[in-house]
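Secondary and tertiary structure notes
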Amino acid sequence: MPKKMRRVLGIDPGLANTGWGIIDWNGNKFSLVKYGVIETAASEIHGTRLLSIYSRLCAVIDEYKPTEAAMETLYFAKNQTSAMAVAEARGVATLCLAQHDIPLGEYKPNQIKQAVTGSGAADKELVERYVKLLLGLEVVPQPDHAADALAGAITHINFSSPAFSS
């Protein structure tokens, strides 16, 4: 029986830059569909920035029609102000996914590192190099927010595919 192709949207939320990346999984191979970054300017009104993230992410979903999504869980670092902005961006992304009836997998940073590189202690550059290798790309996807989103999508497939389960 042929395996069903899956299309997964990875999201790396942020108020200034929300990375997104879409990959297909056909049961034994990753294929890059598209990636990008939704940018908002600090000079814009806060609510307008969130609305921009929401509407542009909805447009990505409408164009590429992913059936699943992945996002990194929120962790609180030293800068609580930026953590709040990321939480708000996560909120609008989660709302957009829910309105499109797209199930969301959420993963801790070390789970993403482990799923992509085999080491939960991998640094950002190593994760980006593995994303490039796993997707068969000539160069590392840029900017890094897009690469992070693609790493999330790869993680979702790795965590939810029987072939990767032990």
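Below, the structure is looked at part by part. (Residues numbered from 1 in each chain as written. Predicted model: local features only at pLDDT ≥ 70, side-chain atom pairs only at ≥ 80, totals over all residues. Heavy atoms only, no water.)

Describing the overall build of the protein
Quick note on the threshold: Secondary structure counts use DSSP, requiring at least four H or I residues in a row for a helix and at least two E residues in a row for a strand, with both numbered from the N terminus. The globule rule used here is 2.2 Å times the number of residues to the 0.38 power, and the radius of gyration it is set against is calculated over C-alpha atoms. Throughout, a residue-residue contact means that at least one pair of heavy atoms, one from each residue, lies within 4.5 Å. Per-residue accessibility takes into account occlusion by the displayed protein chains alone, with areas from the Shrake-Rupley method and a 1.4 Å probe. Within this scheme the basic residues Lys and Arg register as positive and the acidic residues Asp and Glu register as negative, but His and the chain ends are omitted. Positions of charges follow a simple convention, taking NZ of Lys, CZ of Arg, CG of Asp or CD of Glu.
Looking only at helices and strands, the protein features five helices and five strands. Overall, the protein shows an N-to-C arrangement of helices and strands of β-β-β-α-β-α-β-α-α-α. Expected size for 166 residues packed as a compact globule is a radius of gyration near 15 Å; at 15 Å, the protein falls within 12% of this value. Principal-axis analysis of the C-alpha atoms places the extent of the protein at approximately 50 × 35 × 30 Å. A separation threshold of at least 6 residues defines the contact pool for the protein, and within that pool the share at least 24 residues apart is 60%. With an accessible surface of roughly 8800 Å², the protein has 55% of that area assigned to carbon and sulfur atoms. Of the charged side chains in the protein, 16 are positive and 17 negative; the average position of the first set lies 5 Å away from that of the second.

Focus on the packing of helix H3 (residues 109-117) against helix H4 (residues 124-134)
Cut-off, in case you're wondering: Axis lines are fitted to C-alpha atoms, over the contacting stretch for helices. Their N-to-C directions set the angle, which ranges from 0 to 180 degrees. Comment on the angle field: the value is read as roughly parallel under 35 degrees, roughly antiparallel over 145, roughly perpendicular from 65 to 115, and oblique elsewhere. Helix crossings fall into two classes, left-handed where the near helix is turned counterclockwise from the far one by less than a right angle and right-handed where it is turned clockwise.
Where H3 meets H4, the closest approach of the two axes is 9 Å, and the angle between their N-to-C directions is 45°. With respect to their mutual orientation, H3 and H4 come out oblique. Of the two elements, H3 crosses H4, and the hand of that crossing is left-handed. Each of Lys-113, Val-116 and Thr-117 in H3 lies in contact with H4, whose residues at this interface are Leu-126, Val-127, Tyr-130, Val-131 and Leu-134.

Description of the sheet that holds strand S2 (residues 17-25)
Hydrogen bonding along the main chain pairs the strands of a sheet, whether they run parallel or antiparallel. Note the threshold: By this definition, two strands are paired if DSSP reports at least two bridges between them.
Across the sheet, which stays open at both edges, the five strands sit in the order S3-S2-S1-S4-S5 with mixed pairing between neighbours. Among the strands making up the open sheet, the edge pair consists of strand S3 (30-39) and strand S5 (104-107). Direction aside, neighbouring strands of the sheet carry axes that sit 20° apart on average. Each of strand S4 (68-72) and S5 touches H3; the most contacted strand, S5, lies at about 95° to it. Sitting on the sheet, helix H5 (residues 144-160) is in contact with strand S1 (6-12), S2, S3, S4 and S5, with an inclination near 40° to S2.

As for the side chain of His-156
Spelled out, the test is: Buried residues are those whose accessible area, probed at 1.4 Å on protein chains only, stays under 20% of the maximum for their type, while exposed residues exceed 50% and partly exposed ones sit between those limits. Pairing of N or O atoms within 3.5 Å defines a polar contact, subject to two protein rules: one partner must be a possible hydrogen donor and the other a possible acceptor, and residues neighboring in sequence count only if both atoms are side-chain atoms.
Looking at the element boundaries, His-156 is found in helix H5. Classification of His-156 by relative accessible area gives buried; the value is 8%. Side chain to side chain, His-156 and Glu-68 meet in a polar contact 2.8 Å long. In this structure His-156 touches Arg-6, Val-8, Glu-68, Ala-69, Ala-70, Gly-105 and Tyr-107, once residues within four positions along its chain are discounted.

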